[in-house]
Amino acid sequence: VCGSYEDTLQALSAVQSSMFSDDQHDVLLDIGFTFNFYGLPYTQLVVSGNGYVTFDASQASSYSPWAINAAIPNPGNLPENAIMAPWQDIHSGIGGEITFGTVGSAPNRQFIVTWCGVPMYSCTNLLHTSQVVLYEGSDRIEMHIENKPLCLGWQGGAAIQGLVDATSTNF
């Protein structure tokens, strides 16, 4: 069931993010369908330059935290209401691409976010690639990690992969 599997992540029908600086959230993006996350319906989300998406619209075009000082949940601290794939300190301001887009036809569309070849913050020769896929109708979430290097010289290589709701009570 869980045998060896290899694939290459690709951004299909994607738009490149407008983030070209470190530690930022992108603008508020339309998903293209209603996606239910922890029982709440969303039609928009925000992509972080640090490897997560959040359904907290107030984070659009704002600072995206990078310091991982505690495990999730960490009530009152970002990221919340988020899919972390993984959350880590990467530097989209100096390289790589963050792309997103909705593909397919109703009622089976997918919203895909890809962090492709984004350098680690303090180890810019190490490149990270991951992807989040949200499925219309089933509200299924897939996270794919193609390359997750460890930059031990920066925060000990800290990263968190997972989910957390808006109140940090479900994670």
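Look above for the structure.
This is a predicted model, so every value here is computed, not measured.

Novice: I'd like to hear about the nonpolar core, residue by residue, with values.
Specialist: In this structure, L45, V47, F55, F111 and W115 are the most contacted members of the largest nonpolar core, which totals 25 residues. Breaking this core down by element, the ones donating at least two residues are β2 (29-37), β3 (40-47), β5 (82-87), β6 (97-103), β7 (110-119) and β8 (127-135). The element that contributes the greatest number of residues to this core is β2, accounting for five residues.

Novice: Explain the pairing of β7 to me, and be specific about the residues and the numbers.
Specialist: By the criterion of burial, β7 is predominantly enclosed, with eight of the ten residues buried. In this structure, β6 lies alongside β7, joined through seven bridges in antiparallel fashion. By the bridge assignment for β7, T99 is matched with T114. Between the antiparallel neighbours β6 and β7 lie six residues, among them G104 with a positive phi of about 90°. Where β7 meets β8, eight bridges bridge the pair, whose relative direction is antiparallel. Pairing of W115 across the sheet is with S130, part of β8.

Novice: So what's going on with the pairing of β6? Which residues, and what values?
Specialist: Counting buried positions along β6 gives five out of seven residues, so the element sits mostly inside the fold. Bridging between strand β1 (residues 15-16) and β6 involves two bridges; their strand directions are antiparallel. Paired with Q16 across the two strands is T99, which belongs to β6.

Novice: Tell me about the state of the cysteines, and please be specific about residues and values.
Specialist: Under the defined criterion, the tally for this structure stands at one disulfide. Each sulfur of the disulfide joining C123 and C151 lies 2.1 Å from the other. With the S-S bond torsion at 70°, the cross-link from C123 to C151 turns out right-handed. Placement of C123 in the loop between β7 and β8 and of C151 in the loop between β9 (141-147) and β10 (160-164) is noted, with a sequence separation of 28 residues between them. Using a relative accessible area of 3% as the deciding quantity, one classes C151 as buried. Left unpaired, C116 is separated from the closest cysteine sulfur, that of C123, by 19 Å.

Novice: Could you give an account of the sheet that holds β3, with specific residues and numbers?
Specialist: Two orientations exist for strands paired in a sheet by backbone hydrogen bonds: parallel and antiparallel. With antiparallel pairing, the five strands of this open sheet are ordered in space as β2-β3-β4-β5-β10. Of all strands in the sheet, those bounded by a partner on one side alone are β2 and β10. Strand-to-strand twist of the sheet, defined as the mean angle between neighbouring strand axes without regard to direction, takes the value 25°. Bridging between β2 and β3 involves five bridges; their strand directions are antiparallel.

Novice: Which residues make up the side chain of N50, and what are the values?
Specialist: Along the chain, the position of N50 falls in the loop between β3 and β4 (52-54). A residue is classified by how much of its surface remains accessible, and N50, at 0% relative accessible area, is buried. Among the polar contacts listed, one links the side chain of N50 to the side chain of D23, at a separation of 3.0 Å. Within the structure, the side chain of N50 is placed 3.2 Å from the backbone oxygen of P65, a separation counted as a polar contact. Apart from residues lying up to four places away in sequence, N50 is in contact with D23, S64, P65, W66, P86, W87, Q88, D89 and I90.

Rules used throughout
Residues numbered from 1 in each chain as written. Predicted model: local features only at pLDDT ≥ 70, side-chain atom pairs only at ≥ 80, totals over all residues. Heavy atoms only, no water. Core = buried A, V, L, I, M, F, W, Y, C linked by side-chain atoms within 4.5 Å. Buried < 20%, exposed > 50% of the residue type's maximum accessible area, 1.4 Å probe, protein only. Helix = DSSP H or I, 4+ residues; strand = E, 2+ residues; numbered from the N terminus. Pairing = 2+ DSSP bridges. Disulfide = S-S within 2.5 Å. Axes fitted to C-alpha atoms, helices over the stretch in contact; angles between N-to-C directions. Polar contact = N/O pair within 3.5 Å; in protein donor to acceptor, adjacent residues only side chain to side chain. Contact = heavy atoms within 4.5 Å.

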